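So the chains spell out like this:
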There are 2 protein chains.
Amino acid sequence: MTRPQSLHQSILGEIEDKILSGAWPPGHRIPSEHELTAHYGVSRMTVNKVLTQLAAGGLIERRRRAGSFVSRPLTQSAVLDIRDIRTEVAALGLPYRYEVTVRRRRRAAGADRALIDLQAGAPVLELGCVHFAGARPFCREERLISLDAVPEAAEERFDEVAPGAWLVGRVPWTSAEHRIRAVGADRDAAALFSMAEGAACLAVERRTWSAERPVTFVRLTYPGDAHELVARFAPTQG
Amino acid sequence: MTRPQSLHQSILGEIEDKILSGAWPPGHRIPSEHELTAHYGVSRMTVNKVLTQLAAGGLIERRRRAGSFVSRPLTQSAVLDIRDIRTEVAALGLPYRYEVTVRRRRRAAGADRALIDLQAGAPVLELGCVHFAGARPFCREERLISLDAVPEAAEERFDEVAPGAWLVGRVPWTSAEHRIRAVGADRDAAALFSMAEGAACLAVERRTWSAERPVTFVRLTYPGDAHELVARFAPTQG
DNA sequence: TCGAACATTATGTCTATACAATAACGAACG
DNA sequence: CGTTCGTTATTGTATAGACATAATGTTCGA
């Protein structure tokens, strides 16, 4: 359990404890790097590393000449883990399977451009999928892929690998924006999930860019309260 | 625009660009600290700072003796900003108001202990609130506060400050877990939001601990698709 | 051929020192 | 009394050197 920690880790832990326990309340001025250096008998660089890390985590704020202060939590920002659907299903201990229901190549129309920031007439691939957990449909996927950004997608059948996983393996690295809403099931979703039209569904919309260029838009619709997203907030991730 | 950056910031930017543009694809081994040291003409500590930061952001993975590698994005973890409800309403440009509808002090029963990890019979304060944006109800709040953790809450009327804001100002620093689901409106919510029973609502449940002790449980229910949560993911925060 | 011992290499951590940038403080001055 | 200006405490950044640690390759021996 108590594995040998590095110096700055144990110092980090100590200071964190002081803040989390309330011994050092929000607004409290914590000792200067110089004082901490003396207190712990370490070099200033080590102390600096700790405080820099605490500041990055939002636990303290630092001002030159003034000192470092325990920050008051204004916006609790939590880390949301967006996992691959296959992984999600596997976590339930159910066999995973998916079907491609729609695969259409076309040029971006007005409606598309509202979803993802594309040039008019840019070639896009429209995809529809259903993901299954065991025998039951788990999630509906509606996706647009910019063929300007990912031309290889035009040739891909997506029989073997789902579009999400395919893109992750192909497109280098991305920034993304997620929007999470509750929506009533449309006729399609109601039939798919065997639920009443208008019943509650969780909709996760994700827009993805790579090197400033739009890559893909996807809307994942999960039935009712059978699915939930979990986000955790902890001062230091670990 | 191009303000004078520090050395490690500009190096960070360069490497990030290489990864995001795809020049260094996932799995690619990036130059060793020693090589980067030579390439940029800086000390190893500076390079180390950059790579450590990239690793913390999840953009690269580091293995002793083997080197540093561009990681393949498996779980895209996004940062979800959980704001104060008052702030959310203010962002809409609407006047904010709230009402306390329920305020009951009692001992934790079985149902409560399923929500928040309390001892049997521990004193809790049960609260119900409705938050308004303009004239329309914006959000329903159901809350349990552990009076062991926050005894002062027993005396507080919550006339002036909503429970969420009150707690943030009082309880030092917390870790929290958020669960986000879509639920059908119960009779109460349907009446409140003037919607059909069973219509889609977004439910955000938050459990909060301070110094390992449970502090509060809150369930926020937002009407239908009138509300959405936004989470962003970017390699380096900034 | 297989496994154990060893060498090598890259990361991980820490120190001591240095100078720069910033902003709070206090003293001098109008 | 208020403003300006220099002083100084504190953080921010960077360097060079050192040793620790881990894991990969390599060599040698059974």
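Residues numbered from 1 in each chain as written. Chains lettered and ligands numbered in written order. Predicted model: local features only at pLDDT ≥ 70, side-chain atom pairs only at ≥ 80, totals over all residues. Heavy atoms only, no water.

(A) Looking closely at the relation of the copies chain B and chain A. Mapping chain B onto chain A leaves a residual RMSD of 0.2 Å; the transformation is a rotation of 180° accompanied by 0.0 Å of translation along its axis. What the superposition gives is, in effect, a two-fold axis relating one chain to the other. Closest approach to the rotation axis within chain B is made by the C-alpha atom of Ala200 of chain B, at a distance of 2.0 Å. Mapped onto chain A, 100% of the interface residues of chain B again fall at the interface, so both copies present the same surface. (Least-squares fit on C-alpha atoms with pLDDT ≥ 70 in both. Contact = heavy atoms within 4.5 Å.)

(B) Quick peek at the protein's contact with DNA strand D. Surveying the vicinity of DNA strand D reveals 22 residues, the closest of which are Arg62 of chain A together with Leu7, His8, Thr46 and Arg65 of chain B. Counted by atom, the contact set of DNA strand D within 4 Å of the protein is 65% sugar and phosphate. A distance of 2.4 Å separates a phosphate oxygen of DNA strand D from a polar side-chain atom of Thr46 of chain B. Here a base oxygen of DNA strand D and a side-chain polar atom of Arg65 of chain B are 2.6 Å apart. Secondary-structure elements contributing two or more residues to the surface near DNA strand D are α3 (44-56), β2 (60-63) and β3 (67-70) of chain A together with α1 (7-21) and α3 (44-56) of chain B. In the surface near DNA strand D, the residues fall into 4 nonpolar, 8 polar and 10 charged. (Near = heavy atom within 4 Å. Polar contact = N/O pair within 3.5 Å; in protein donor to acceptor, adjacent residues only side chain to side chain. Helix = DSSP H or I, 4+ residues; strand = E, 2+ residues; numbered from the N terminus. Nonpolar A, V, L, I, M, F, W, Y, C, P; charged D, E, K, R; others polar.)

(C) Looking closely at the sheet that holds strand β2 (residues 60-63) of chain B. All names here are of chain B. Across the sheet, 3 strands lie side by side as β1-β3-β2; this open sheet has antiparallel pairing. Both outer strands of the open sheet, β1 (29-30) and β2, are each paired with one neighbouring strand and no more. Taken together, the 4 bridges between β2 and strand β3 (residues 67-70) define a ladder with antiparallel strand orientation. Looking at the pairing, Ile60 lines up with Val70 of β3. (Pairing = 2+ DSSP bridges.)

(D) Layout of the interface of chain B and chain A. Tallying the contact residues gives 53 residues for chain B and 53 residues for chain A. Across the chain B to chain A interface the summed buried area is about 4,600 Å²; carbon plus sulfur atoms make up 58%. Among the residues chain B hides against chain A, the three largest losses belong to Gln76, Trp173 and Ala182 of chain B. Together they make up 17% of the total. At the surface where chain B touches chain A, the tally comes to 6 salt bridges. Residue Glu228 of chain B pairs with Arg181 of chain A through a salt bridge whose shortest N-O separation is 3.7 Å. Linking chain B to chain A there are 15 residue pairs in polar contact (both at pLDDT 80 or more). Within the residue set of the side of chain B that touches chain A, elements represented by two or more residues are α1, β4 (76-82), β8 (175-184), β9 (200-210) and β11 (228-233) of chain B. Class assignment for the residues of the side of chain B that touches chain A results in 29 nonpolar, 15 polar and 9 charged. The sheet contact formed by strand β8 (residues 175-184) of chain A and β11 of chain B spans 6 bridges and is antiparallel. Bridge pairing in β11 of chain B links Ala176 of chain A to Phe233 of chain B. (Buried area = accessible area lost by both parts, 1.4 Å probe. Salt bridge = Lys/Arg side-chain N within 4 Å of Asp/Glu carboxyl O.)

(E) Structural context of the protein's contact with DNA strand C. Neighbouring residues of DNA strand C: 24 residues in total, closest Leu7, His8 and Thr46 of chain A together with Arg44 and Arg62 of chain B. Between a phosphate oxygen of DNA strand C and a side-chain N or O atom of Thr46 of chain A, the distance comes to 2.6 Å. Arg65 of chain B has a polar side-chain atom sitting 2.7 Å from a base oxygen of DNA strand C. Across the surface near DNA strand C, the residue classes tally to 4 nonpolar, 9 polar and 11 charged.

(F) Broad picture of the domain arrangement of chain A. With domains assigned, chain A is organised as domain 1 (7-70) and domain 2 (79-232). Relative to domain 2 of chain A, the C-alpha centre of domain 1 of chain A lies at a distance of 43 Å. (Domains from an automatic or database assignment.)

(G) Structural detail: the UniProt feature "domain: HTH gntR-type" (unreviewed entry) in chain A. With numbering aligned to this structure, UniProt lists the feature "domain: HTH gntR-type" (unreviewed entry) at residues 5-73 of chain A. Across residues 5-73 of chain A, the secondary structure splits into 52% helix and 14% strand, with the terminal C-alpha atoms separated by 28 Å. (UniProt positions renumbered as here; feature names shortened; annotations may be inferred.)

(H) Looking closely at the state of the cysteines. Residue and element names in this part refer to chain A. Overall, the coordinates contain 0 disulfides over all chains when judged by the stated rule. Between Cys139, a free cysteine, and Cys129, which holds the nearest cysteine sulfur, the sulfur-to-sulfur gap is 9.2 Å. According to the relative accessible area criterion, Cys139 is buried, its value standing at 0%. No disulfide involves Cys201; its sulfur sits 10 Å from the nearest other cysteine sulfur, which is in Cys139. (Disulfide = S-S within 2.5 Å. Buried < 20%, exposed > 50% of the residue type's maximum accessible area, 1.4 Å probe, protein only.)

(I) Examining the sheet that holds β3 of chain A more closely. All names here are of chain A. Within the open sheet, the 3 strands sit side by side as β1-β3-β2. Their pairing is antiparallel. Either end of the sheet is taken by a strand with one partner, and the two such strands are β1 (29-30) and β2. Where α3 meets the sheet, it contacts β1, β2 and β3, and its direction lies at approximately 115° from that of β2. (Axes fitted to C-alpha atoms, helices over the stretch in contact; angles between N-to-C directions.)

(J) The pattern of salt bridges, seen in detail. All chains considered together, the criterion is met by 38 salt bridges over all chains. The partner of Asp112 of chain A in a salt bridge is Arg106 of chain A, with the nearest N and O atoms 2.7 Å apart. For Glu205 of chain B, the salt bridge is made with Arg207 of chain B, and the minimal N-O distance between the two is 3.8 Å. Here the two residues Glu205 of chain B and Arg207 of chain B agree in accessibility, since each one is buried. Each of Arg140, Glu142, Glu177, Arg179, Arg181, Asp186, Asp188, Glu205, Arg207 and Arg219 of chain A together with Glu228 and Arg232 of chain B takes part in salt bridges that share partners, so that together they form one network.

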